[in-house]
Structure formats: structure tokens, C-alpha cells
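Fold and contact review
Listed here are the chains, written in short residue letters.
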Amino acid sequence: MNEPALCGMAQTELDRAEPLFRKGNTNCGGCGMSITLQMLRHAVAQRQVQFIVPACCGAVAGGAFPQSTFGVPTLMTTFACAPAAASGIASVAALNGEDLRTIILAGDGGTFDIGFASLSAAAERNEDILYICYDNEIYGNTGGQRSSATPAGAVTTNTPEGKVEQKKDILAILAAHRIPYAASVSLAHAEDTLRKMRYALDQKGFRFLHVLSPCPTGWKSEPALGLELVRLAVRSGLFPVYEIFDGKRHVVNIEPDFSDEALNMYLSLQRRFQKSGLTAADLRPAIDRYWQNLRSLSGRIVPARRDA
Amino acid sequence: MTVELLSANHGAALAATLAARANRKGRGFCSGVYPITPSTECMEYLCQQKIEKGRVIKVESEHSAMGVCIGAAAAGARSFTATSSNGLAYMFENCIAAAMLRLPVVIAVANRTLGPPWNIWADHSDALTLRDHGLIQFYCADNQELFDTVLSAFRLAEDKRVMMPAMVNMEGFILSHTVAQTNIPDQAQVDDFLPLTDIPHRLGDVPHTLGQIEVPHQTEVHRWQHHNAMLDVPKVYAEIQKEFEGVFGRSLHDIVVPYRADDAETLIVSMGTIGVTAERAVDMLRAEGKRVGSLRVRLFRPLPTDAIRAHYAGKKRIAVIDRNISLGLGGILWSETRALADPGAVVQSYMAGLGGGDVRPEHIVKMLGDLEPRKIAGPPAMMEAV
Ligand code: SF4
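What you are looking at is a predicted structure, and each value in this text was computed from that prediction instead of being measured.

Topic: the overall build of chain A
For chain A, the count of helices and strands is twelve helices and eight strands. Taken against the 2.2 N^0.38 rule, which gives 19 Å for 308 residues, the C-alpha radius of gyration of chain A at 18 Å falls within 12% of a compact globule. Principal axes of the C-alpha set define a box for chain A whose edges measure 55 × 40 × 40 Å. Burial analysis of chain A (308 residues in total) assigns 59% to the buried set. Look at the contacts in chain A between residues 6 or more apart in sequence, and 69% of them connect residues 24 or more apart. Accessible area of chain A: about 12,000 Å², with a carbon and sulfur share of 54%. Across chain A, the 31 positively charged side chains and the 30 negatively charged ones have centroids separated by 1 Å.

Below you can see the structure in the form of C-alpha cells.
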């Protein structure tokens, strides 16, 4: 990843010289997790961080012994216990007065499904952890099975006719834990992403970032179109970009134009939706309902936030 | 040194507390805990202690309890947890992870039957499921022994030549809830006995990844290193015994405990509290002029084959009593040690006290009555079938 990301606007010499996610990693081309890590690298800057990675594409991406793809000390954990292991690491850092950011990098399977109990418990204890879920809406490294983050209508290797159930609303669940900070992140909006990463890095307690992470392999989409897909999901209102403070204050960060054209484009650019033949008309009522609720929670219509 | 009236559960927790405080000048102590009968009192006691530079995290499952311990040890702290039965089974995956990551977590296990059907009483079958995965295993018979073994387990597990988790087992209720006078050393003595925890591969400033992907030959090398480190345990333990005696002025139990075994023709072999009952049976049979002895195996992993072989040598009949059953095979201690006896010796498997059944001296006498006329070993037998 020597290409200057973020249109060359944000990447620094340090980012390039000491990436969090090094060259030669095994991620598929166009993987949203790779982009997340390049963004995170820039947000982290000089802060001291450690990674905790449960079984997920990130565990494969870490590379084979004795080399390491991650440019920071990293602990690979079993699938279901990254938040518990991170609690141990963060506690020992605190006991020793270290200014360390303990960051979990987990997929949606480890977050929405198997690691859910451990996640909920760490959130309830308000552990000093930054949890980043790169949500590719699929079990990626096992070859693309449905998770509870897979949207209805998507074909996966074990839902050949398309998944029937709706995607879990993970942000609402985390908000219900009243954690200091929870936010959804659009990789297509770099400034918003970086602002949230920086803010989350510098808070105490449990912080949760939900990243919609394009997965060309699972989504059956063009690798180069990942960020475009995210942009379409945000524009159409399908992926609401907002943040929740202390489980109470909801702030919408990016105002969609609710374009059906964008939504149809989003669906048609991914072969996973081909079989079910979903169109904007099918999804619009649920999107409207979600936004109605979000508007009442946020209490106002907030235009897209712009950084200085 | 003080003498306190403590249950074995509380003794284990107090030993862990003293070990935790002894690391206050190092990277401290952090533990994940979750309740389960009959181990619960151990974590309750631990949660009631003030530990300078320590934190006990009350998690939502045993899986996460060991998860916390893994994180804590990966960050260089001393770590401990306690569990039992299905809790250990739920923790299983992370016990293996702790072992393979070579993290010196100490685990106190109150052995209990696996279920459902639910049975909360003693059985070694829970801990024995973990015998093959690189955790040291001790089985104890009384309160003082348990306290001393937990304390020493920290030193053993954290020794650079060893560096792996250690499980210290006590039978549920039979030992975990037995209250007895226990010699408790002062903190200063424990500080002397336990060096500060120093885990060379802990996460620090240098980027490196713990637990990443390995290719086959690397796994072979790591398993072999781990295996050889386990084989070093008796040697390192012998050094620790000397240190223990020097600091505390009393001895630390050997890895196997023989009783009137030297001139015996018949040997009773067991683990845990049954070993003490066996010694009473030996006294009864000796009074009748029978040349019987007992061998209690305290260290089960690594299996001290040399020590066991030395005690099996010259014995004509060996009764191995297991409070466990490997379904489809028989007693586990029996199956693991029968090849260590002299050729022609009758090594018979008896299973007793499964699911917490009482094993009394007369039961053992009855087993020896069954063994005496045998010319060859029969199939593994349950006590009721004798
Ligand atoms: S399968 Fe998807 S999430 Fe996994 S590395 Fe490939 S693109 Fe990324």
C-alpha cells in the first residue's frame, strides 16, 4: 500500500514509513479492512497502540510466523474473546500507568455473533477499549457464509437463495449499553472517518466504531468500486452515518439524499443481490422507518458535518 | 507465618492473593473470574482481597475469564483463575490458547463431574480432558498441600525454562469445601520466594504478533519445544522444592508420594484425596501382614514416568484407582501408567468415586481382595462391580 491514500491529502511520511498494516499482506485487493487500517494509521499518529485481533480476515492478514503484517504489538485471540483479552491488556496498562490505546480489530462474525457475549460484557464494564468492527457482512476467511450482519436478500455460500433475516442493528445494541462513544463510519468520507477515529482514540472507556467494509470477494463486486459502494450506501440512506454519545445523544453526521438511483446502483453493482432481485422499492420502507426513528432520537436534522 | 482455618478454595485464593501482591513491584496482577459450583468460594475470596497493583475482572463466562488471563499475561502481568467442571469445559479453548501462547496462568480447579445430567460432585474427568495440551497438572490431597502447590505453581509456571499454564486440582467438596488449619506464610516470605513475573515474549513496544499463523514445520518445532519444556518440569520443580524449604522452613510435596511402598508386593496407585484413603487401607492390610503400599501421583502432566517406573519396579500386582473414566477405555491413570510396570505384573484398573461417590478404606480393601488371586489383569472394573 505505497499509493498515497486519501487523495494524498492526509497520508504523512510517517504513515508510509511505518504503516500499521504493512506491505505484502494477504488481504484481497480492494478490501475495506485494508483501507480502515490505512485510515487508522493516519489517525493514530504518535499515539501508542496495541491490537487485539480475534479469528477473522485480520488474523490471516497478520501473516505467518515470524513476520508480522501489523506494525504494532498484536495479540491474536480465539474467536469469541477479544474483548476479554483486551480487558486484560488494558487493565495491566492502566495498573502500570501506561498511556496505551488498546484496539480490537474484529470482523462482523466475531462482533455480531460469536464474540457478542464478551463484547456486551466488556461494554457493560465500560472497559478502556477502542473496538473497531470492520463489517464485511459475511464470514470472510471461511469462504463467505452468512452472519447476523448479512443483509436480507444477500446470497452467501450457506444461503444460496439469499438470506431471509434482517441485519442486526449493532449500533443500537451498543448504544443500549450506554457506552461513552459509538459511531458508524463511512470509509468514503475520509474526514468524518478520521475525526471519529481520533475522537475515539482519545476517549476513556468503551468506544465502538462500526465500519461498513467493502469485501469484493464476498460481495461479488469490483475491487476498485469499494469506496463507491460505501458512498452509494450512505447517499441512499441504507447505511446511516451517525454517532451516539453515552447512549443518549444521537448526532447524524452525513445527510443522505435518499436517492433510489443510488440504492439501485448499490444493489446492482454487487452480484450477491442478483438472485433475490432486490430493488430500491423493496428496501425503501425499512430505510424510511429507520430514519424516522433516528430523526426522533437525534431531535433535529443535522447537515453533513465538515471539519475545519 | 500464621495458622488459619481455611477451606481449600479459600486457601487457593489466598495463595493467589499473596502471589499477586508479590508482583506489585513488577507488572502487577490481573485475573478474570466467573462463578461455578464448587469452585465459587475461591473467586469470591479473591474478589474480597485488596491487591495493590491488581485487578480482578468479573466477566460473563469462563471463556472470557481465561480470555482476560491471556490478555493480562500477554501484557506481562501475573494471572490466576479458578473454575470447575463445565466451566473448565467452556474455558477449554482458551486454556489451550494460553498454553500454546506459553503464558504462565495458574488455574485452581475444583474437580467436578461433567454434565448434563447435572452432578455437582467430585470427578477428575473435567481436568483430564486438558491433559494433552501443554498445561501442567497437579492433583492435591489436603488443604496445606493445595495452598503450597498453588503458590509454587506460580514460580514453576513463570520459570523461563517452563513458561506455560499450571492447573492445580482439588476434588470438589471433598477437598474444596473441607476446612482445615493451614500454615500461611507472611507476605515478605512470599516476596522472597516468588521472583517478579517476567514474560520475555510479552507485548511491549516492539511490534510483534503473538499467536499468528504458523506453517506445519513451525508448529512441529513449537510443539517439540513445548514438550521438552514440560519434560524439564520435574527438574525445575526439584529446585523449587529446595527454595521452598529454605524460605518457608517446611517441605513441599514431591511429584509422587509413596507410602510404605518400598517392600510392598502390591501397590495401590491413585491421585488426589483417594491417595490418602489408600494409605489408611494400606495400614489396615499391613496389620493383617499383607505387603501392600500406596503411590499417590501428584504431578500428572508432565507424567513423571521415571518416578512412577521406579516405584512400579518389583511390584507383582498394581491396582490403579481412577476417579475418572475414559469412556471406551477405562481409568486414565491406569491406561497411562500400566506400561511402566515390570513385564508380567498384573496392573488392574479400578474406577471408583465417579460422580462424587464416597471412596472409603474398606472399598479399597475390597478391590485388593479382587486383585490378589488374579494371574492376569481383567478388563477395567467399576467399584460397584467388584
Ligand atoms: S474476504 Fe473480504 S474481508 Fe476478507 S480479506 Fe478478502 S475482501 Fe477483505
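What about the interface of chain A and chain B?
Contacts between the two partners involve 38 residues from chain A, matched on the other side by 39 residues from chain B. Roughly 2,800 Å² is buried in total at the junction of chain A and chain B, and carbon and sulfur atoms are behind 60% of that figure. Of all residues in chain A, F65, V92 and L95 of chain A bury the most surface against chain B, accounting for 20% of the area lost on that side. Between the two partners, chain A and chain B, sit two salt bridges. The shortest N-O distance in the salt bridge between E127 of chain A and R55 of chain B comes to 2.9 Å. For the interface between chain A and chain B, the tally reads 18 residue pairs in polar contact (both at pLDDT 80 or more). Secondary structure elements with two or more residues in the side of chain A that touches chain B: strand 1 (48-53), helix 3 (57-61), strand 2 (74-76), helix 4 (82-95) and helix 6 (116-124) of chain A. The sheet contact formed by strand 2 of chain A and strand 9 (residues 209-210) of chain B spans two bridges and is parallel. Looking across to strand 9 of chain B, one finds that L75 of chain A is bridged to L210 of chain B.

A few points about the pattern of salt bridges
Within this structure, the stated rule accounts for 48 salt bridges over all chains. Its salt-bridge partner being R78 of chain B, residue E158 of chain B comes within 2.8 Å of it at the nearest N-O pair. Residue E158 of chain B is found in helix 6 (residues 143-158), and its partner R78 of chain B is found in the loop between helix 3 (62-74) and strand 4 (80-83); the two are separated by 80 residues along the sequence. Residue class for E158 of chain B comes out buried when judged on its relative accessible area of 10%. Its salt-bridge partner being R301 of chain B, residue E336 of chain B comes within 2.9 Å of it at the nearest N-O pair. Taken as a pair, E336 of chain B in helix 12 (residues 332-337) and R301 of chain B in strand 13 (residues 299-301) lie far apart in primary sequence, 35 residues in all. A single burial state applies to E336 of chain B and to R301 of chain B, both of which are buried. Three or more residues are tied together by salt bridges with common partners; here these are R47, D99, R101 and D202 of chain A.

A word on the pairing of strand 1 of chain A
All names here are of chain A. Burial analysis of strand 1 places five of its six residues in the buried class, the great majority of the element. Bridge count for strand 1 against strand 3 (residues 100-107) is five bridges, and the pairing is parallel. Within the sheet, the bridge partner assigned to F51 lies in strand 3 and is I103. Sheet topology note: the strand 1/strand 2 ladder contains three bridges and is parallel. Within strand 2, the position partnered with V53 by the bridge is M76.

Let's talk about the domain arrangement of chain B
Residues and elements named next belong to chain B. Each assigned domain of chain B is listed with its residue range as follows: domain 1 (2-189 + 204-248) and domain 2 (256-382). Taking only C-alpha atoms, the centre of domain 1 and the centre of domain 2 are 27 Å apart. The partner domain 2 presents 21 residues to the 26 residues of domain 1 that form the contact. Around 2,000 Å² of area is buried between domain 1 and domain 2 when both sides are counted, 56% of it from carbon and sulfur atoms. If you sort the residues of domain 1 by the area they bury against domain 2, L128, R131 and Y139 come out on top, with a joint share of 27%.

Digging into unusual backbone geometry
Residue and element names in this part refer to chain B. A cis amide bond links T37 to the next residue, P38, at an omega of 0°. Counting through the fold element by element, P38 comes out in the loop between strand 2 (29-33) and helix 2 (40-47). For the bond running from G115 to P116, omega is 0°, close enough to zero to count as cis. Along the chain, P116 turns up in the loop between strand 5 (106-111) and helix 5 (125-128). At F173, a position not held by glycine, the phi torsion is positive, near 60°. Checked against the element boundaries, F173 lands in the loop between strand 7 (166-171) and strand 8 (179-184).

Observations regarding the packing of aromatic side chains
Any pair of aromatic rings gets described here by the distance separating the centres and the angle formed by the planes. For the structure on display, the rule yields 16 aromatic pairs over all chains. Taking 5.2 Å as the distance between ring centres and 90° as the angle between the ring planes, the aromatic pair formed by F258 of chain A and W291 of chain A counts as edge-to-face. Of this pair, F258 of chain A sits in the loop between strand 8 (249-252) and helix 11 (260-268) while W291 of chain A sits in helix 12 (residues 280-298), placing them 33 residues apart in sequence. Taking the relative accessible area as the measure of exposure, F258 of chain A reaches 27% and is therefore partly exposed. Here a set of aromatic residues connected by ring pairs shows up, and it is made of F21, F51 and F70 of chain A. In this arrangement the basic side chain of K168 of chain A is found over the ring face of F116 of chain A, its NZ or CZ atom lying 4.3 Å from the centre. Sitting over the ring of W334 of chain B, R338 of chain B keeps its end group 4.1 Å from the ring centre.

Some remarks on the sheet that holds strand 14 (residues 317-322) of chain B
All names here are of chain B. Here we have six strands laid out as an open sheet, ordered 10-12-11-14-15-16, and mixed in their pairing. Edge positions in the open sheet fall to strand 10 (256-259) and strand 16 (381-382), since each of these has one partner strand only. Across five bridges, strand 11 (residues 266-270) lies against strand 12 (residues 292-297) in parallel orientation. Note on strand 12: the bridge partner recorded for S270 is R296. Of the strands in this sheet, strand 11, strand 12, strand 14 and strand 15 (346-351) are in contact with helix 13 (residues 361-371), which crosses strand 14 at around 140°.

Some remarks on the sheet that holds strand 4 (residues 130-135) of chain A
Spatially, nine strands are ordered 8(A)-7(A)-5(A)-6(A)-4(A)-3(A)-1(A)-2(A)-9(B) in an open sheet, and the strand pairing comes out mixed. The strands lining the two open edges of the sheet, one partner per strand, are strand 8 of chain A together with strand 9 of chain B.

Here we look at the layout of surface pockets
As a volume, the largest pocket reaches approximately 930 Å³. What lines the largest pocket is a set of 30 residues, among which M100, L101, G211, Q212 and E214 of chain B lie closest to the centre. Looking at the lining of the largest pocket, the elements with two or more residues in it are helix 4 (85-100), strand 9 and helix 8 (216-231) of chain B. Considering each element in turn, the lining of the largest pocket owes the most residues, five residues, to helix 8 of chain B. A per-class count over the lining of the largest pocket returns 13 nonpolar, 13 polar and four charged. Approximately 720 Å³ is the volume attributed to the second largest pocket. If you go around the second largest pocket, you meet 28 residues; those closest to its centre are P151, Q166, K167, L238 and Y290 of chain A. Contributing elements (two or more residues each) for the lining of the second largest pocket: helix 7 (170-175), strand 6 (207-212), helix 11 and helix 12 of chain A. Per-element tally for the lining of the second largest pocket: the top contributor is helix 12 of chain A, with seven residues. Taken together, the residues that form the lining of the second largest pocket break down as 18 nonpolar, four polar and six charged.

Reading the values: rules and limits
- Residues numbered from 1 in each chain as written.
- Chains lettered and ligands numbered in written order.
- Predicted model: local features only at pLDDT ≥ 70, side-chain atom pairs only at ≥ 80, totals over all residues.
- Heavy atoms only, no water.
- Helix = DSSP H or I, 4+ residues; strand = E, 2+ residues; numbered from the N terminus.
- Rg over C-alpha atoms; globule rule 2.2 N^0.38 Å.
- Buried < 20%, exposed > 50% of the residue type's maximum accessible area, 1.4 Å probe, protein only.
- Contact = heavy atoms within 4.5 Å.
- Areas by Shrake-Rupley, 256 points an atom, 1.4 Å probe, with all protein chains shown as cover.
- Lys, Arg positive; Asp, Glu negative; His and termini not counted.
- Charge placed at Lys NZ, Arg CZ, Asp CG, Glu CD.
- Buried area = accessible area lost by both parts, 1.4 Å probe.
- Salt bridge = Lys/Arg side-chain N within 4 Å of Asp/Glu carboxyl O.
- Polar contact = N/O pair within 3.5 Å; in protein donor to acceptor, adjacent residues only side chain to side chain.
- Pairing = 2+ DSSP bridges.
- Domains from an automatic or database assignment.
- Phe/Tyr/Trp six-rings, centres within 6.5 Å; stacked < 30°, edge-to-face > 60°.
- Lys NZ or Arg CZ within 6 Å of the ring centre and 35° of its normal.
- Axes fitted to C-alpha atoms, helices over the stretch in contact; angles between N-to-C directions.
- 1 Å grid on protein atoms, 1.4 Å probe; cavity = no way out; pocket = protein on both sides within 12 Å on 5 of 7 lines; lining within 4 Å.
- Points joined across faces, edges and corners; volume = space filled by probe spheres on them.
- Nonpolar A, V, L, I, M, F, W, Y, C, P; charged D, E, K, R; others polar.

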